Every structure is written in C-alpha cells, then in structure tokens.
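# Per-entry structural report
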Amino acid sequence: MKNNPFYTQVSIIGAGVSGSALLFILARYTDVASVALFEKCNEPATLNSSAKANSQTLHLGDIETNYDLQKATHVKSSSSMVANFITHFDFEEEIGYRRNKMILAVGDQEIRRLKERYHTFKELFPSMRLWDEKMLAEKEPSLLKERTQKVMAIGVEDQITTVDFHKLSQTFITLAQEEKSTQSTLHFENGIESISKKGDKYLLRTLQGEHLSDIVIVNAGAHSLVFAHQMGYGEAYAMLPIGGGFYFADDVLLKSKVYTMQHPKLPFAAVHADPDLTNGWKTRFGPTAFATPKLENRHHLEILNLFDVLSLDKSVLEVYYDLMKDEDIRNYILQNFVYQLPGVGNNFFISEVQKIIPSLQSEQIHYADGYGGIRPQIIDKINKRLLLGEAKIDTGDGIVFNMTPSPGASSCLGNAYEDAQRICKFLDLEMDRRLLIEELCEQSCIVTRETLK
Ligand SMILES: Cc1cc2nc3c(=O)[nH]c(=O)nc-3n(C[C@H](O)[C@H](O)[C@H](O)COP(=O)(O)OP(=O)(O)OC[C@H]3O[C@@H](n4cnc5c(N)ncnc54)[C@H](O)[C@@H]3O)c2cc1C
C-alpha cells in the first residue's frame, strides 16, 4: 500500500483554514508519513476563511461578550496558538496585525455589566484595561462625537487582533510542504463526491478518481454534515445556515476593533466595527445575521444537500419555534432581513452603526458587495437547542467531521492539534509536543500548555 500513489495514511477534505492548519500540524509535529489534502476550489480558503468572508478577528474571548468565562478560557487557549504561530514564524504585519480592540458599553446599564465583566475576566486577560470617556476621546474620537449617552470600554492594546485567514491558510500549506519527512500531496479542483469504508480503509471518490486512506478528517464547512449524514453519522445534528453580510463606511473612521455588548437573549454576536485589511483599513460594520437557503456563499443552491442538513423534523421545528416565540429574537430576525434589502438596507442598519459612531449617517455607509459568508450553525436535535460554537463528530472509527462556525478560524490550530492527537493515537504514531509547545504555546496559551504536559 505504501507505494500506491492513490493511498495516504491521512486524507483531509477541505483546504479552508481548518484543513490547512491540520496539514501543517501533521507535517511539522508528527511522524505521519503521508497526507492528502482535497479541495474542490482551485486555491485554499476561498469560502468562509477568505478575508472578505469573515471579520478578520482573532477571537480570544476578552472582547466577545457572548462568551462566558468557561468558553473564553477554552477559546483563549486555542486561539492564542494562532497569535504565537504568527509571532514565532515572523508573519506580523503580513498575516497578523497588532491593532487595539475594545468592548464599548453604552448607557448606565451596559456600563454596569461591563464593569462586572471586567472584574470576572481580568485574571484570565491581564492586559484588559477600563477606558473612560477621556481615554476613549484620545484613542478613538469618532466614538464620542455627537454622543448623548455615557460610554465606557474595556480596551486591550498591543496584541495581534486582526488576521488574514486566507493568507494564513496558504502559509500553513507552504510550510507543510517544506517538511520533507511527511509527504503532503495537494489536490485542488478535486472535490470529494463520496466517502465509504473499504476493508479497514476509507475510499474517497473524487472528481478525478479514487483514493484510499486509513483516516479521514472532513473540514468541509457546511458540507461536513452532509458527508456525515450520507455515512449514517451525526443524525443528532441539523444545520441552520446563517448568512452574515457587512457594510462599509466610506472612510477609515477607527484604528481599533470596536465590539459592543451582547444582548443576552440574541443568539448571534452583536454588530461590531473592524478596520478591514482588504480595503485600506476602511471601517467595516457587521455582520448581519439572516437565515439563508444556501450552504456556501457565491455558490449555487444545493437543494438536496440543503434539505438533508436542515433535517426539518419535529425536534428541529421546535428549536425554530422556541426562537421565534421570543419577541426580541423575532424582531432581530426581521431587522436583519431588512438590513439585506438592496438600496434601502443602509437606512435601517444605520441604527446599529450609530451605537458605535453616533455621527455617521446612512448615506455614509454602503452594503459591502462581495463580502460576507455563511455560518453553519448547528442544532442539537436531542437537547433541542441551537449550538453557537463549533461541533465535532468523532466516530472513533477513523473518520471525523468538523463543523466550524465562528470562532472556527481563530481556533484552527487548537482544533487541528486535537485532531492530530486523535490521528496519532489511531495510527499509533508520535507527536513532537516539545517543539509544538515551543513554537505555538508561549506564555499566553495557558490551558493548552497545561493540557500538553
Ligand atoms: C460573517 C462571518 C464572520 C466571521 N468572523 C470570524 C472572525 O472574525 N473570526 C473567526 O475566527 N471566525 C470568524 N468566522 C468563522 C470562520 O470564518 C470559520 O469558522 C472558518 O473560516 C471555517 O474554516 P473551515 O476551514 O472550517 O471552513 P471553510 O473556510 O468554509 O472551508 C471549507 C473548505 O472545504 C471545501 N469543500 C467543501 N466541500 C468539499 C468537497 N466535497 N471536496 C473538497 N473540498 C470541499 C470548500 O471549498 C472550502 O474551501 C466568521 C464567519 C462568518 C460567516
């Protein structure tokens, strides 16, 4: 089997940032002999991992008020591996950028919640500072202009906050190919059509032929669940594809990422403002959140696959019903629908934007055509709830399916590390943990360091 050109020990499906990160981890830190990476597009990271699809934020958990302390602890350990990678391999100002970031609280109630959060989270994030109006006026004057309500922020300086996940994916692949002890073969424009078990191996049918592997990791975005269902796995999960769009200001209005306080009842992250690395650092606002009948942005409607992952049975409909019966959530869904309307959406979306920059007017923002992506949000059918993070189906039989809504790009190396551990255990191979800790888990990566010991 070793010399068979259509066999590799490991196959990875999907060359977004998750699949590319796994290829890198396997090639650099394990003694896996051969890995094949299959991607249906002609280059890596053209879908959600493209710099135009996501908010380019390295989510650590400090400014994301939709995370509780437990989630933030987990996200920090995973995401700081990306920051450490960028620093260690010298990609600052090329892939990862140091920009300030903050959570902005508006009005007395939000300020009270912000202060509570500061005290709860400051031990986990010692760089956090409370910024009063005077401080904010110095750092970001546009936040204060024409503002009538009191504001306060938790701010963080001098950290990598902004990442080009497309370039990161390309770099993972390039570095993996430089590792000569692992043979990494790349198969672009070679989508996987089906996966089946053949003896103790997996048979992948691709557009260009067949391929065998001992172990398969499916990192195919929304399609991961389609593959899982086709193979009889993950029946407990359904998917709700949520589109996310953006608006651009005509100018650079902010130097920092400005996140806002999460409404406790709303399921998706509150609108934020981000300096955009693809567009001269102009300020980008979003994302919006709207249910969409597509599995991928800029691709055709795939009716059969869509119906498969929606799995519209009683338990899924109950989750939808629970969401819709809450007035705040109903209004939120309606508003987000209106935000997408061509030509008029900006007149409605401006109210979200003015929470951040009160002086901005609707004619000064425009819909960001060609930007945005689709978050494959998972519904847990057994517990009848919408899961807001990533989900993994580990069959324990040599095939793993990853579903990666936000913060999947930030936690790409953490997830890849977990999968690499599984692969090594399954194939009885070694991982060079010492080198991995040295390169990817410096001081900031507290939890992973402990886990790795
Ligand atoms: C609006 C929005 C904002 C976001 N903001 C952030 C953010 O600021 N920070 C953050 O960390 N995360 C963010 N996310 C989430 C982040 O973009 C994703 O978690 C991440 O990009 C997922 O990477 P992936 O590699 O798992 O999936 P993808 O990037 O979707 O890659 C999947 C790959 O699989 C390939 N594929 C699919 N089917 C097949 C097949 N049959 N054969 C071969 N290949 C196949 C696709 O072509 C694609 O290249 C955001 C997402 C959205 C939508």
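Remember, predicted model here, so these are calculated numbers, not experimental data.

### A closer look at the overall build of the protein chain
Counting secondary structure elements, the protein chain contains 13 helices and 22 strands. With the C-alpha coordinates aligned to their principal axes, the bounding extent of the protein chain is approximately 70 × 50 × 35 Å. In the protein chain, buried positions account for 49% of the 453 residues. Across the protein chain, the fraction of contacts at a sequence separation of at least 24, relative to all contacts at a separation of at least 6, is 75%.

### A look at the site of the ligand
Around the ligand lies a shell of 42 residues, among which G14, G16, G244, G373 and G408 are the nearest. If you list the elements that add at least two residues to the shell around the ligand, you get α1 (17-29) and β19 (373-380). For the shell around the ligand, a count of residues per class yields 16 nonpolar, 23 polar and 3 charged.

### Brief notes about the nonpolar core
One finds L23, I25, L26, I103, L104, A153 and L413 to be the most contacted residues of the largest nonpolar core, which totals 122 residues. If you tally residues by element for this core, the top one is α1, at 9 residues. Not counting chain neighbours up to four residues away, the residues in contact with I25 comprise L413, A416, Y417 and A420.

### Thoughts on the sheet that holds strand β20 (residues 385-387)
Read from one edge to the other, the open sheet built from 4 strands follows the order β17-β12-β19-β20, with strand pairing classed as antiparallel. Either end of the sheet is taken by a strand with one partner, and the two such strands are β17 (290-291) and β20.

### As for helix α5 (residues 165-178)
The end-to-end C-alpha distance of α5 is 20 Å, a good match for the 20 Å that 14 residues give at a rise of 1.5 Å each. Close packing links the buried residues of α5 with α1, β7 (160-163) and β8 (183-187).

### Some remarks on unusual backbone geometry
Cis geometry marks the peptide bond from G286 to P287, where omega comes out at -10°. Looking at where P287 falls in the secondary structure, it is placed in the loop between β16 (283-286) and β17. A cis amide bond, omega 10°, links S406 with the succeeding residue P407. Positionally, P407 belongs in the loop between β22 (399-403) and α11 (412-427). Positive phi outside glycine occurs at Q56, with the angle close to 65°. Within the secondary structure, Q56 is located in the loop between β2 (34-38) and α2 (69-88). Its 24 C-beta neighbours within 10 Å are what place Q56 among the buried residues. Positioned with a positive phi, E93 is a non-glycine residue whose angle comes to about 65°. Here E93 lies in the loop between α2 and β3 (96-98).

### As for the confidence of the model for the protein chain
Averaged over the protein chain, the pLDDT score is 91; the fraction of residues at 70 or greater is 96%. Here residues 446-450 scores under 50 on pLDDT; set against residues more than four positions off or in separate chains, the count is 9 contacts.

### Focus on the environment of P358
Looking at where P358 falls in the secondary structure, it is placed in the loop between α10 (345-356) and β18 (365-367). Take P358: there are 17 C-beta atoms within 10 Å of it, and that puts it in the partly exposed class. A sequence separation of 212 residues divides P358 from E146, and the C-alpha atoms of the two residues are 6.0 Å apart. If sequence neighbours within four positions are ignored, P358 has contacts with K145, E146 and R147.

### Quick look at the packing of α1 against α11
At a closest axis distance of 8 Å, the pairing of α1 and α11 adopts a crossing angle of 55°. Relative to α11, α1 is oriented oblique. By crossing handedness, the relation of α1 to α11 is classed as right-handed. In this structure, α1 contributes V17, S18, A21, L22, I25, L26 and Y29 to the contact, and α11 contributes C412, L413, N415, A416, Y417, D419, A420 and I423. Its residues placed into classes, the contact of α1 with α11 shows 12 nonpolar, 2 polar and 1 charged.

### What about the pairing of β16?
Walk down a regular strand and you will see the side chains alternate between the two sheet faces. Alternating residues of β16 divide into T283 and F285 and R284 and G286, and every residue in both groups is buried. Where strand β13 (residues 247-249) meets β16, 2 bridges bridge the pair, whose relative direction is antiparallel. When the bridges of β16 are listed, Y247 appears paired with F285. Pairing between strand β15 (residues 272-275) and β16: 4 bridges, direction antiparallel. Within β16, the residue paired with D274 across the bridge is R284.

Reading guide: rules and limits
- Residues numbered from 1 in each chain as written.
- Predicted model: local features only at pLDDT ≥ 70, side-chain atom pairs only at ≥ 80, totals over all residues.
- Helix = DSSP H or I, 4+ residues; strand = E, 2+ residues; numbered from the N terminus.
- Buried ≥ 20, exposed ≤ 12 C-beta atoms within 10 Å, placed from the backbone.
- Contact = placed C-beta atoms within 7 Å.
- Near = placed C-beta within 6 Å.
- Nonpolar A, V, L, I, M, F, W, Y, C, P; charged D, E, K, R; others polar.
- Core = buried A, V, L, I, M, F, W, Y, C linked by C-beta atoms within 7 Å.
- Pairing = 2+ DSSP bridges.
- Expected span 1.5 Å × (residues − 1).
- pLDDT = per-residue confidence, 0-100.
- Axes fitted to C-alpha atoms, helices over the stretch in contact; angles between N-to-C directions.
- Parallel < 35°, antiparallel > 145°, perpendicular 65-115°, else oblique.
- Left-handed = near helix turned anticlockwise from the far one by under 90°.

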